[in-house]
Amino acid sequence: MKKTLVIGALGQIGSELALALRNRFGVETVIASDVRAPQPGAASGDGPFQYLDCTSFRQIETVVRRHDVGTIFHLAAVLSAVAEQNPQASWDLNMGGLYRVLEVARECGCSLFFPSSIGAFGPTTPRDRTPQDTIQRPNTMYGVTKVAGELLCDYYVARFGVDARGLRLPGIISHVTPPGGGTTDFAVDIFHQAIRYRHYTCFLRHDTRLDMMYMPDTIDAILQLMAADPALLRHHNAFNVTAMNFTPEELAGEIRKHIPDFAIDYDVDPVRQAIADSWPRSVDDSEARAQWDWSPRYDIAAMTADMLKKLRAKPRTVSRFNR
Ligand code: AKB
């Protein structure tokens, strides 16, 4: 049986995806990789690990050939807020990494998963129920790399027959590994601070509406798309997907149902606010629902209840970014 390589396996999505793949297909069938060494008890679980810099074609190719890899999940990327702090390095990592992973996939006959984002849209995109196929003129480096990545994946599908598939992910909420520098990180930080201090200072305005998804749905969506019958797919890449939609004020209200004295105030970060204001308020994911049966399990109420339950059951942490 061909193996699976997860690039960025110590990140927010990569760590839980690696664990889900190991639970489903067997520990030894999944090669986790990152540019950092895993700490004992890492969320990706025990199993094969390779140091891997995704901007090195040789390193990717060596790991793919050595382990007989058939599918690559490429999750290494700089997120939106950090990308604005260093656009040049973000281009190098986000595009340099994807280009080399696609080249290895082409040479070695691998399938590929690539996560795009609601960040691939921009201020001239229709902001409500944003269609699957629409205007994409993002004004952030993150968005530029995501649109370019979507197009590059589509090019490799059409030109070289690489089975590259992907999703446009909204903000992802998880109680396991913190996100690393995104505009939607508030939706994770708020839970940690609500439990610890019963108070949260949000870096986005109270009425900033964005799409979100709980991690279990994210993992299901990725695995479901990768298992979908290609004959039923009219798109391959960049499927709009969403599960819920809220403002910071609405999320605070939901948390208050569990922690009645929870308070939120606002200290708006102009950089992250400008990024959020350039993104859709909601996306239309009917193509994903029609083409491969996408259907999320968690709405805001179910996600909030589960986040608080899971976080209360473990030692306290705060996100690396929102200090
Ligand atoms: C970010 O905020 O940068 C990411 C995303 C929506 O792509 N979570």
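This is a predicted model, so every value here is computed, not measured.

What counts and what doesn't
Residues numbered from 1 in each chain as written. Predicted model: local features only at pLDDT ≥ 70, side-chain atom pairs only at ≥ 80, totals over all residues. Heavy atoms only, no water. Pairing = 2+ DSSP bridges. Helix = DSSP H or I, 4+ residues; strand = E, 2+ residues; numbered from the N terminus. Contact = heavy atoms within 4.5 Å. Axes fitted to C-alpha atoms, helices over the stretch in contact; angles between N-to-C directions. Near = heavy atom within 4 Å. Polar contact = N/O pair within 3.5 Å; in protein donor to acceptor, adjacent residues only side chain to side chain. Areas by Shrake-Rupley, 256 points an atom, 1.4 Å probe, with all protein chains shown as cover. 1 Å grid on protein atoms, 1.4 Å probe; cavity = no way out; pocket = protein on both sides within 12 Å on 5 of 7 lines; lining within 4 Å. Sits in = over half its atoms within 2 Å of the grid points. Parallel < 35°, antiparallel > 145°, perpendicular 65-115°, else oblique. Left-handed = near helix turned anticlockwise from the far one by under 90°. Core = buried A, V, L, I, M, F, W, Y, C linked by side-chain atoms within 4.5 Å. Buried < 20%, exposed > 50% of the residue type's maximum accessible area, 1.4 Å probe, protein only. Domains from an automatic or database assignment.

Draft legend 1. Main features of the sheet that holds strand 2 (residues 30-34). The 7 strands are arranged 3-2-1-4-5-6-10 in an open sheet whose pairing can be described as parallel. In the strand order of this sheet, the two ends are held by strand 3 (49-51) and strand 10 (239-240), each with one partner. Both strand 1 (residues 3-7) and strand 4 (residues 69-74) contribute to a ladder of 5 bridges, which runs parallel. Paired with Val6 across the two strands is Phe73, which belongs to strand 4. Contacting strand 4, strand 5 (111-117), strand 6 (164-169) and strand 10, helix 7 (residues 215-227) crosses the sheet at an angle of about 150° to strand 6.

Draft legend 2. Representation of the site of the ligand within the structure. If you check the shell around the ligand, you find Leu79, Ser80, Ser117, Ile118, Tyr142, Pro170, Gly182, Thr183, Thr184 and Trp279 and nothing else. For the ligand, an oxygen atom lies 2.5 Å from a polar atom in the side chain of Ser80. Thr184 places a polar side-chain atom, nitrogen or oxygen, 2.9 Å from a nitrogen atom of the ligand. In isolation the ligand has 260 Å² of accessible area, and contact with the protein removes 93% of it. The pocket occupied by the ligand, as judged from atoms lying within 2 Å of grid points, is the largest pocket.

Draft legend 3. Region of interest: unusual backbone geometry. Backbone geometry places Asp68, a non-glycine residue, at a positive phi of 55°. Its location among the elements puts Asp68 in the loop between helix 2 (57-67) and strand 4. Of note, Arg129 is a non-glycine position whose phi angle comes to about 45°, a positive value. One can find Arg129 in the loop between strand 5 and helix 5 (141-160).

Draft legend 4. Spatial organisation of the packing of helix 4 (residues 87-108) against helix 5. Contact geometry for helix 4 and helix 5: axes closest at 10 Å, N-to-C directions at 15°. Classed by the angle they form, the pair helix 4 and helix 5 counts as roughly parallel. With respect to the hand of their crossing, helix 4 and helix 5 are arranged in right-handed fashion. Facing Pro87, Ser90, Trp91, Asn94, Met95, Leu98, Tyr99, Leu102, Glu103 and Arg106 of helix 4, the residues of helix 5 in contact are Met141, Tyr142, Val144, Thr145, Ala148, Gly149, Leu152, Cys153, Tyr156 and Phe160.

Draft legend 5. Spatial organisation of the nonpolar core. With 38 residues, the main nonpolar core has Ile173, Phe186, Phe191, Phe246, Leu251, Phe262 and Met303 as its most contacted residues. Going through the elements one at a time, helix 6 (186-197), strand 8 (199-202), strand 9 (210-214), strand 11 (244-246), helix 8 (248-256), helix 9 (270-277) and helix 11 (300-312) are the ones with two or more residues in this core. Each of domain 1 (3-170 + 214-240) and domain 2 (174-211 + 245-279 + 298-312) accounts for three or more of the residues forming this core. In contact with Phe191, not counting residues within four places along its chain, are Ile173, Leu251, Ile255, Met303, Thr304, Met307, Leu308 and Leu311. Residues Val6, Ala18, Val30 and Met226 belong to the second largest nonpolar core, which totals 31 residues.

Draft legend 6. Broad picture of the environment of Val63. Within the element layout of this structure, Val63 appears in helix 2. Taking relative accessible area as the criterion, Val63 reaches 3% and is therefore assigned buried. In this structure the C-alpha to C-alpha distance between Val63 and Trp279, which are 216 residues apart in sequence, comes to 36 Å. Residue contacts for Val63: discarding those within four places in its chain leaves Leu5, Ile31, Gln50, Leu52 and Val69.

Draft legend 7. Examining the packing of helix 6 against helix 8 more closely. Put simply, helix 6 and helix 8 touch, their axes get as near as 11 Å, and they point 35° apart. Considering only the axes of helix 6 and helix 8, their crossing is right-handed. On helix 8, the residues that touch Phe186, Ala187, Ile190, Phe191 and Ala194 of helix 6 are Pro248, Leu251, Ala252 and Ile255.

Draft legend 8. Expanded view of the side chain of Arg165. Looking at the secondary structure, you find Arg165 in strand 6. Classification of Arg165 as buried rests on a relative accessible area of 2%. Once residues within four sequence positions are removed from consideration, Arg165 is found in contact with Leu112, Phe113, Phe114, Leu225, Met226, Ala227, Ala228, Pro230, Leu233, His236 and Asn237.

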